[in-house]
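These are the residues of each chain, in order.
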Amino acid sequence: MMAVALPALLILPLAALSLSWGDAGLAPGDVAAWLSGDPVAAVLVGSLRAPRLAAALLVGACLGVAGAITQAVMRNPLAEPGLLGINGGAGFAVMLLIVHPTAPTGQWLPVAGFAGAAVAAGAIYALSWNGGTSSIRLILIGIGVSALTGAGIAFITAFGEVSAVQRAMSWMAGSLYGSDWTRVSVLLAWAVPALAATCLLSRELGLMAFDDDTLRGLGLRLQLMRGMMILLCTLLAGAAVAMAGPIAFIGLIAPHLARLSAKPRYLIPITALYGAMLLLAADIMARALMLPAGILAPLIGAPFVGFLLRKQTHE
Amino acid sequence: MTASDAAPLPQHRRPRWLRGFGLILAVAVLPVLALWALNVGNAAISLDRLIAAATGFDASREHVILWEVRLPRVLAGLLVGAQLAVAGAIMQAVTANPLASPGLLGINAGAAFAVVLAIALAGIDGAGTLMWFAFLGAGAAAVAVYALGSAGQGGATPLKLALAGAVLTAFLASLTTVILLRDQTTLDNVRLWSVGSLSGRPMAAVLAIGPWGLAGLAGAVLASGPIMTLSLGSDLSRALGQSIGLWRAISALMVVLLAGTAVALAGPVGFVGLVVPHMARLLVGPDYRWVIAYSAPLGAGLVVIADTALRWLSGVDIPVGVTLALVGGPVFIALVRRQGWNLR
Amino acid sequence: MSDAAGTARLRAHAISVGYRSRDVLHDLTLAVPTGQFTALLGPNGSGKSTLLRAFAGLTTLRAGEVTLDGHALSTLSRRRLAQYLSLLPQTPHAPDDLAVGDLVAQGRYPHRRLFTPWSSQDQAICNDAMRLTDVDDLAARPLGRLSGGQRQRAWIAMTLAQSADILLLDEPTTYLDIAHQLDILDLLRRLVRDQGKTIVAVLHDINHAARFADRICLLKEGRIVSSGAPRDIIQPDSLKEVFSIEATILHDPQDGVPVCVARR
């Protein structure tokens, strides 16, 4: 119970803060007025702050769960969705779009981001297939493909028009600025089934740390399961990237935080809670400092890592 | 969850002499590569003119080009490649994690942050001066990671170090991005450096950094035995009488020396430290003494080829940080796929 | 080979297994007698583990097929297979912070569907498995804090919790001291006698095989050299052929079980 209580208790006040605090401060009563149809509160809370809050919670949950999947499939505590090429692919695609003089931008950036992420993840899966995949091969091919997309990004950074590069960098920093209900509802329709499916696979995700022979001996269809997990991870992390740009670190740290207290059975939902909590906190700070949330996620995460390191007693 | 179990190492049945012969071959190819790289450039210089320019101090145009442009670039390439690759091999051995690279000690992020600060706040320019900021930043970040990773029980265990490094790297990268998002001039000044490039490094810089790098390489080769022992895991290495804390600290120090000076010289070149040790392991198997020995010539050769090939083919000068991944990425993927059956 | 036909549910029909150019098993035929304890013996690299993995449906066969109740393994789903066959690999691996009880509970995996809740019957089966292997006191302890012997018994408990009729065990007595080795072998014996399980185990100790197994299969270079009751198999000639050792065979004065004394 502790495991659920901690992140949930942290989320509630943060959510209240996120709704009521801003250029025009609102008392909790005014937030409630939004629900009863007050027009001013409706604009401020209903169409600006509430969708941003929803986006932060959803994207954070997606990132955390995608991280938990990556760490399980790759059998590596340092793995994060970026290793599946998600961030590199999305970043490269978006950068191409931004520095291209005639290409449309605006609402196409999320589409390009998701497409780039999906293509990179698909390429990694396909290239590591050799009568089946394995954790180590996925990791190594992931490194190789990420190096290629990284080279593309580096090339554009070095030679693109400097103001376009800066715009691309601000997208790549990751931000929830400008979230609206349309995009949130698309994300909701997309991410919730994937999150639910991942929860149903909790048992199998926990088993991934066992060796291959034992797993198959237990009746697990290993290749099918790995493929499905990578697909889910791509859907979740890809959707998060499309919504908010690549936000690093939450996918790495949320599963570790959840593991401190959660029973293996509940690891996925609790990871989602921690991810949501971390990104919400980062976004509140981002609004205060007028910076992208992606930049602040590591700042928020650092104290938790300190705590994690203290708890880490065995190797 | 132990990281070491994530990386089953391939089995090799190749004869012993082949490894030694291969190493000699890899080292012997380097001078040839260097000669080729010296011969490539905007100004066409024939080989006999090149030799004349190298031997005679005639202050001719060829002489200046050779000694002030091409030679420092080739030397820097060889050094940077060997240093980063060996540093990466040490990191992967000590952490027993295939995802470890010198960057994990915060070296690249620290160097980048220091350089960006120097440009943005103090308006410092010129590769020669920035170099020292980069080295200081790299060293300070590594010390901070080590201090953070040693906190709590059990000292600096690999997983704790890695997590601490990941945190500090993300943290510093964030701060760097904050500055660059607000300061377009600095972004314009720093972006070529931040990709990793070998062009325009003065000979004086190479000569100032070179000895440190060579000392680091020599140290790594000498210490490759204990590092191999360390890679077997803490229980086994302790049982073999190794002082784990001491050797972890020595390894970290060597990584800082090797990768810190490399970053100072060429900027944060990411690919070599991560991938070349894997290439070496795919070629010679899990014995880190051989992996370290092979990493040096492989890394040096790869960087020089990546830096020269595109200029040779098309005359376009692309930063080595980009071409490295373009050249090395597909090679690496092919290697992994070829050796795939070993990586169960 | 004089296998009692009709009493063998698990059979290998002329199977060949190989990696690249090297054949590990050649044209091997073997029927595993149901309700008996079969020990696979042979020198290192003779293909014992590969044969065991082939019986578990874990290797790609170059030729031939392995059948369970007349169905080729390749036609059965992994889950179904796991309900009949459980495998203990030579070096199984699980996270160090996993508690013994949780490890054993994973053995119920093939019996549970997506929405099947954990039942009291599942728990009872796990408890039985832990009691049989004498790890019931350790249920809450993480694997990383067990001795080698305790860990091995925890894994065997997981294999038992799978409640499969056929157990395939790859060197189940490694890491164990002599008393625990005998405990485990005695447990396997009892499983066969009391619960009618069928067991195939790769063993290294000829004398253990002679004492506890109903049948012994001697393998060399991917072929079966001989198979049958211990008394017929543990002979100086066959041991010399398979292991290249000079051995004298004595008989235990108490029960007449053959004892191999290797001299070179």
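Calculation rules
- The residue count restarts for each chain, going from 1 along the sequence in the order it is written.
- Each chain gets a letter, beginning with A, and each ligand a number, beginning with 1, in the order they are written.
- Local features in this predicted model are restricted to residues of pLDDT 70 or higher, and side-chain atom pairs are both shown and tallied only at a pLDDT of 80 or more, whereas totals for entire chains, interfaces and linings draw on every residue.
- Neither water nor hydrogens contribute to the side-chain values; these are computed over all heavy atoms in the structure.
- Secondary structure elements follow DSSP: runs of H or I no shorter than four residues count as helices, runs of E no shorter than two count as strands, and numbering proceeds from the N terminus.
- For this measure, only C-alpha atoms enter the radius of gyration; the expected value for a globule follows 2.2 Å times N^0.38, where N is the number of residues.
- Whether a residue is buried, partly exposed or exposed follows from its accessible area with a 1.4 Å probe, protein chains only, as a fraction of its type maximum: under 20%, in between, or over 50%, in that order.
- Only heavy atoms enter the contact rule, under which two residues are in contact if any of them lie within 4.5 Å.
- In short, Shrake-Rupley with a 1.4 Å probe defines the accessible areas, and a residue's cover is counted only from the protein chains shown.
- A residue counts as positive if it is Lys or Arg and as negative if it is Asp or Glu; His and the chain ends are not included.
- For the purpose of locating charges, the reference atoms are NZ of Lys, CZ of Arg, CG of Asp and CD of Glu.
- Within this document, salt bridges are pairs made up of a side-chain nitrogen of Lys or Arg and a carboxyl oxygen of Asp or Glu, the two lying within 4 Å of each other.
- Residues belong to a common nonpolar core when they are buried Ala, Val, Leu, Ile, Met, Phe, Trp, Tyr or Cys residues joined through side-chain atoms within 4.5 Å.
- Accessible area that two parts lose when put together, evaluated with a 1.4 Å probe and summed over both, is termed the buried area.
- Identification of polar contacts relies on pairs of N or O atoms within 3.5 Å, with a donor-acceptor requirement for protein atoms, meaning one able to donate a hydrogen and the other able to accept it, and with residues adjacent in sequence counted only if both atoms are side-chain atoms.
- A pair of cysteine sulfur atoms is labelled a disulfide when the two atoms are within 2.5 Å.
- At least two DSSP bridges between two strands are required for those strands to pair.
- Fitted lines through C-alpha atoms give the axes, limited to the stretch in contact for helices. The angle between two N-to-C directions lies from 0 to 180 degrees.
- By definition, any crossing whose near helix is turned counterclockwise from its far helix by less than a right angle is left-handed, and any crossing with a clockwise turn is right-handed.
- Under the grouping applied here, Gly and all other residues not named as nonpolar or charged are polar, the nonpolar ones being Ala, Val, Leu, Ile, Met, Phe, Trp, Tyr, Cys and Pro and the charged ones Asp, Glu, Lys and Arg.
- Between the first and last residue of a helix there are one fewer steps than residues, each counted as 1.5 Å, and that sum is the expected span.
- Each patch is built from residues lacking any salt bridge and having more than 30% relative accessible area; the joining distance is 9 Å for like charges and 5 Å for nonpolar side chains (Val, Leu, Ile, Met, Phe, Trp, Tyr).

> Explain the overall build of chain C to me, and be specific about the residues and the numbers.
A count of helical and extended segments in chain C gives nine helices and 12 strands. Compactness check: chain C gives a C-alpha radius of gyration of 19 Å against a globular reference of 18 Å for 264 residues, within 12% of the reference. Counting all 264 residues of chain C, 52% fall into the buried class. Considering only intrachain contacts with a sequence separation of at least 6, the fraction spanning at least 24 residues in chain C is 64%. Carbon and sulfur atoms make up 48% of the accessible area of chain C, which totals about 11800 Å². Between the averaged position of the 30 positive side-chain charges in chain C and that of its 29 negative side-chain charges there is a distance of 4 Å.

> Residues and numbers for the overall build of chain A, please.
Scanning chain A from N- to C-terminus turns up 14 helices and zero strands. Going from N to C terminus, chain A has its helices and strands arranged as α-α-α-α-α-α-α-α-α-α-α-α-α-α. For 315 residues, the compact-globule estimate of 2.2 N^0.38 gives 20 Å, and the C-alpha radius of gyration of chain A, at 20 Å, lies within 12% of that figure. Seen along its three principal axes, the alpha-carbon backbone of chain A occupies a region of about 60 × 55 × 35 Å. Out of the 315 residues in chain A, the part that is buried amounts to 60%. Taking all contacts inside chain A whose residues are at least 6 apart in sequence as the whole, residues at least 24 apart take part in 75%.

> Give a detailed account of the pattern of salt bridges, specifying residues and quantitative values.
For the coordinates displayed, the defined rule picks out 22 salt bridges over all chains. Put simply, Arg289(B) and Asp287(B) hold a salt bridge, and the shortest N to O gap is 2.9 Å. A salt bridge links Asp252(C) to Arg211(C), with the nearest nitrogen and oxygen atoms 2.6 Å apart. Taken together, the positions of Asp252(C) in the loop between strand 11 (247–251) and strand 12 (258–262) and Arg211(C) in helix 7 (residues 206–212) put the pair 41 residues apart, joining distant regions of the chain. Given a relative accessible area of 35%, Arg211(C) falls into the partly exposed group.

> I'd like a rundown of the nonpolar core, residues and numbers included.
Within the largest apolar cluster, 272 residues are counted, with the highest numbers of intra-cluster contacts made by Ile90(B) and Phe37(C). Residue contributions to this core peak at 17 residues, all from helix 3 (residues 39–73) of chain A. In this structure, Ile15(C), Ala56(C), Val202(C) and Cys217(C) belong to the second largest nonpolar core, which totals 29 residues.

> Can you explain the interface of chain B and chain A? Please cite residues and give values.
In this assembly, 57 residues from chain B lie in contact with 57 residues from chain A. Interface area for chain B against chain A, summed over the two sides, is near 5100 Å², with a carbon-plus-sulfur share of 74%. Seen at the junction of chain B and chain A, the total is zero salt bridges. Viewed at the interface, chain A and chain B are joined by nine residue pairs in polar contact (both at pLDDT 80 or more).

> Give me the state of the cysteines: which residues, what numbers.
Residue and element names in this part refer to chain C. For the structure on display, the rule yields zero disulfides over all chains. Cys217 forms no disulfide, and the closest cysteine sulfur to it belongs to Cys260, at a distance of 18 Å. Under the relative-accessibility criterion, Cys217 is labelled buried at 2%.

> An account of the pairing of strand 4 (residues 63–68) of chain C is needed here, citing residue identities and associated values.
Residues and elements named next belong to chain C. With five bridges joining them, strand 1 (residues 8–19) and strand 4 adopt antiparallel strand pairing. Each bridged residue has a counterpart across the sheet, and for Arg11 the counterpart in strand 4 is Thr67. Bridge count for strand 4 against strand 5 (residues 71–72) is two bridges, and the pairing is antiparallel. Bridging across to strand 5, Leu68 finds its partner in His71. Count of turn residues in the strand 4/strand 5 antiparallel hairpin: two residues, of which Asp69 carries a positive phi of about 50°.

> Give me helix 1 (residues 48–55) of chain C: which residues, what numbers.
All names here are of chain C. Judged by how many residues are buried, helix 1 sits mostly within the fold: seven of eight residues are covered. The set of residues buried in helix 1 consists of Lys48, Thr50, Leu51, Leu52, Arg53, Ala54 and Phe55. Positive phi appears at Gly57, one or two residues downstream of helix 1, with a value of about 75°.

> Explain the packing of helix 3 (residues 61–95) of chain B against helix 13 (residues 288–314) of chain B residue by residue, including any values.
Residue and element names in this part refer to chain B. Here helix 3 crosses helix 13 at 140°, and the two axes come no closer than 7 Å. Here helix 3 and helix 13 pass one another in a crossing that is right-handed. Residues Arg73, Val74, Gly77, Leu78, Gly81, Ala82, Ala85, Val86, Ala89, Ile90, Gln92 and Ala93 of helix 3 lie in contact with helix 13, whose contacting residues are Tyr288, Val291, Ile292, Ser295, Ala296, Gly299, Ala300, Val303, Val304, Asp307 and Arg311. A per-class count over the contact of helix 3 with helix 13 returns 15 nonpolar, five polar and three charged.

> Please set out the interface of chain C and chain A residue by residue, giving values where relevant.
Between chain C and chain A, the contact holds 28 residues from the first and 16 residues from the second. Of the roughly 2000 Å² buried between chain C and chain A, counting both surfaces, carbon and sulfur atoms make up 60%. Where chain C meets chain A, there are one salt bridge. Asp213(A) is paired through a salt bridge with Arg53(C); the nearest N and O atoms lie 2.7 Å apart. Across the chain C-chain A interface, the total number found is seven residue pairs in polar contact (both at pLDDT 80 or more). Here the side of chain C that touches chain A gets three residues from one element, more than from any other, and that element is helix 2 (residues 78–84) of chain C. Considered class by class, the residues forming the side of chain C that touches chain A number 16 nonpolar, seven polar and five charged.

> Give me helix 6 (residues 135–159) of chain A: which residues, what numbers.
A rise of 1.5 Å per residue sets the reference length of helix 6 of chain A, with its 25 residues, at 36 Å; its end C-alpha atoms lie 36 Å apart and thus fit the reference within 8%. In terms of residue burial, helix 6 of chain A counts as a mostly covered element, since 20 of its 25 residues are buried.

> How would you summarise a nonpolar patch on the surface if you had to cite specific residues and measurements?
Together, Trp17(B), Leu18(B), Phe21(B), Leu25(B) and Val29(B) make up an exposed nonpolar region whose accessible area comes to about 510 Å². On the basis of relative accessibility, which here comes to 58%, the residue Trp17(B) falls in the exposed class.

> Got a sec to walk through the environment of Thr214(A)? Specific residues and values, please.
Mapping Thr214(A) onto the fold places it in helix 10 (residues 212–217). Beyond its immediate stretch of four places on either side in the chain, Thr214(A) contacts Pro89(C), Pro92(C), Trp155(C) and Met158(C). Only 2.6 Å separates the side chain of Thr214(A) from the side chain of Asp211(A), close enough to count as a polar contact.

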